[in-house]
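One letter stands for each residue in the lines below.
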Amino acid sequence: QGSNPFSRKDTVTFDRVHSANDANWHIYEHPLAGCRYYVVDDPSLGKIPAGGKDPDNSGIGVFRAGYRDDHGIWRPMKLVACAANSNGKKLYCLWPPETAERELWKASKYYGGTNMVPIVIETPVDDGLNRSLKDKGAPLYVQRKANAIEEVEETTYGFRQTVSTKGDILGQLEQRLMEKFRADDGGILDGGGIDIPDLWTIDEIEGMVRKPDGSVAAGRGHDDRAMMTAIACAVEKCAQPHVPATRRLDKWEMSDRQQQQAPRRGNFW
């Protein structure tokens, strides 16, 4: 992205690599003009689960909101890109805050085009990313809550996660996975379904279990990507469209277009 990784003007590009060991992102769909995107980050806690050796990972992904295409077919929301490193044996995402901050900005810029799409970071354990990106002018997800006592509206940057919200967003993910948005003709209704092409994410979601106390957590390994996807289901409405960059036309292109748009006179243009 040039010398300034937090530039709003420089174009962001991703270079294809031949080995997963050299990759930072797995991209399943490049931005499409008019489609709406947003970036989600479930930050790492740095903890090691009981009986395990793997530290907690970050779940960072880019999602496309669902839409109805020109043929009237509903295209459900989709995980279009995932942050992932590899050591040749397994995938992981253990970026320090300064790396995560840069990559979140780049993903927002790449899928926004001339805009930047929203960045949704789970709080309160966000390693200061919300504050740092806010100072740089990034389009962060904002939660607003009315304070009836002081008669003001409280504003919080990021998606605040609690025990109650965790159950709610996992329920929304379950509805999409169970395809409970089916119409009478078998088609998926607007707002329904989810497309997850990332095998790491699918494996984590399949590993989620319901405990005796009613809570849902990872039965094995981690749940970072599962929670990332659940948050994405809850905030899909915040997505913003990709607006591709424009360029100035050369003189010959402008001349050709003017001739094509000229009114007809008889058999001549």
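Our subject is the structure that appears above.
Residues numbered from 1 in each chain as written. Predicted model: local features only at pLDDT ≥ 70, side-chain atom pairs only at ≥ 80, totals over all residues. Heavy atoms only, no water.

**Focus on the environment of threonine 114**
Logical step 1: The residue threonine 114 is located in the loop between helix H1 (97-112) and strand S9 (119-123) in this model.
Logical step 2: Here the alpha-carbon distance between threonine 114 and alanine 245, two residues 131 residues apart in the chain, equals 5.6 Å.
Logical step 3: Excluding anything up to four places from it in sequence, threonine 114 contacts Val243, Pro244 and Ala245. (Helix = DSSP H or I, 4+ residues; strand = E, 2+ residues; numbered from the N terminus. Contact = heavy atoms within 4.5 Å.)

**Observations concerning helix H4 (residues 199-206)**
Because the α-helix completes a turn every 3.6 residues, residues three or four places apart line up on one side.
Logical step 1: The set of residues buried in H4 consists of Trp200, Thr201, Glu204 and Ile205. Down the axis, H4 shows its buried residues gathered within 135° of arc, on one side only. Those residues of H4 that are exposed and angled more than 90 degrees off the buried face are Leu199 and Glu206.
Logical step 2: For H4, the secondary structure elements touched by its buried residues are strand S6 (77-83), strand S8 (91-92), helix H3 (163-177), strand S14 (208-210) and helix H5 (224-234). (Buried < 20%, exposed > 50% of the residue type's maximum accessible area, 1.4 Å probe, protein only. Arc of directions from axis to C-beta.)

**A short note on the packing of aromatic side chains**
Logical step 1: Going through the model one piece at a time under the given rule, you end up with eight aromatic pairs.
Logical step 2: Arranged with centres 4.9 Å apart and planes meeting at 75°, the rings of phenylalanine 14 and tyrosine 110 form a pair that is edge-to-face. Residue phenylalanine 14 is found in the segment before strand S1 (25-27), and its partner tyrosine 110 is found in helix H1; the two are separated by 96 residues along the sequence.
Logical step 3: Residue classification places tyrosine 110 among the buried residues on the basis of a relative accessible area of 15%.
Logical step 4: For the ring pair tyrosine 110 and tyrosine 111, a centre distance of 5.2 Å and an interplane angle of 90° mean the geometry is edge-to-face. (Phe/Tyr/Trp six-rings, centres within 6.5 Å; stacked < 30°, edge-to-face > 60°.)

**Considerations on the pairing of strand S3 (residues 59-64)**
Residues in a regular strand project their side chains so that they alternate between the two faces of the sheet.
Logical step 1: Most of S3 is tucked away: six of the six residues are buried.
Logical step 2: Where strand S2 (residues 36-42) and S3 come together, six bridges link them in antiparallel fashion. Bridge pairing links tyrosine 38 to phenylalanine 63 in S3.
Logical step 3: Here four bridges tie S3 to S6, and the two strands are oriented antiparallel to one another. Bridging from a neighbouring strand, arginine 64 pairs with lysine 78 of S6. (Pairing = 2+ DSSP bridges.)

**Notes on the pairing of S2**
Logical step 1: The buried fraction of S2 is high, at six of seven residues.
Logical step 2: With two bridges connecting them, S2 and strand S16 (residues 240-241) associate as antiparallel partners. Along S16, the bridge assignment pairs arginine 36 with proline 241.
Logical step 3: Looking at chain direction, S2 and S9 are connected through three bridges and run parallel. The partner of valine 40 across the bridge, within S9, is valine 120.

**What to know about the packing of H4 against H5**
Logical step 1: Interaxial distance between H4 and H5 falls to 7 Å at its minimum, and their mutual angle equals 95°. Taken as axis vectors, H4 and H5 run roughly perpendicular relative to one another. On the side of H4, the interface is formed by Trp200, Thr201, Glu204 and Ile205, while H5 contributes Asp224, Arg225, Ala226, Met228 and Thr229.
Logical step 2: By residue class, the composition of the contact of H4 with H5 is four nonpolar, two polar and three charged. (Axes fitted to C-alpha atoms, helices over the stretch in contact; angles between N-to-C directions. Parallel < 35°, antiparallel > 145°, perpendicular 65-115°, else oblique. Nonpolar A, V, L, I, M, F, W, Y, C, P; charged D, E, K, R; others polar.)

**Things to note about H3**
Logical step 1: For H3, with 15 residues, the first-to-last C-alpha span of 21 Å sits near the 21 Å given by 1.5 Å per residue.
Logical step 2: Among the residues of H3, those classed as buried are Ile169, Leu170, Leu173 and Arg176. The buried side chains of H3 occupy one side of the element, clustering within an arc of 110° when seen end-on. Exposed residues lying more than 90 degrees from the buried face of H3 are Val163 and Ser164. (Expected span 1.5 Å × (residues − 1).)

**Regarding the packing of H3 against H5**
Logical step 1: It is at 8 Å that the axes of H3 and H5 come closest, and there the two elements cross at 85°. It follows that H3 is roughly perpendicular to H5 by the angle criterion. When H3 is examined against H5, the residues Lys166, Ile169, Leu170, Gln172, Leu173 and Arg176 are found in contact with a partner set consisting of Ala226, Met227, Thr229, Ala230, Ile231, Cys233 and Ala234.
Logical step 2: Across the contact of H3 with H5, the residue classes tally to nine nonpolar, two polar and two charged.

**A look at unusual backbone geometry**
Residues other than glycine predominantly adopt negative phi, and peptide bonds predominantly adopt the trans conformation.
Logical step 1: Between threonine 123 and proline 124 the backbone carries a cis peptide bond, its omega angle lying at 10°.
Logical step 2: Mapping proline 124 onto the fold places it in the loop between S9 and helix H2 (129-135).
Logical step 3: Even without being a glycine, aspartate 127 presents a positive backbone phi close to 55°.
Logical step 4: Relative to the assigned elements, aspartate 127 resides in the loop between S9 and H2.

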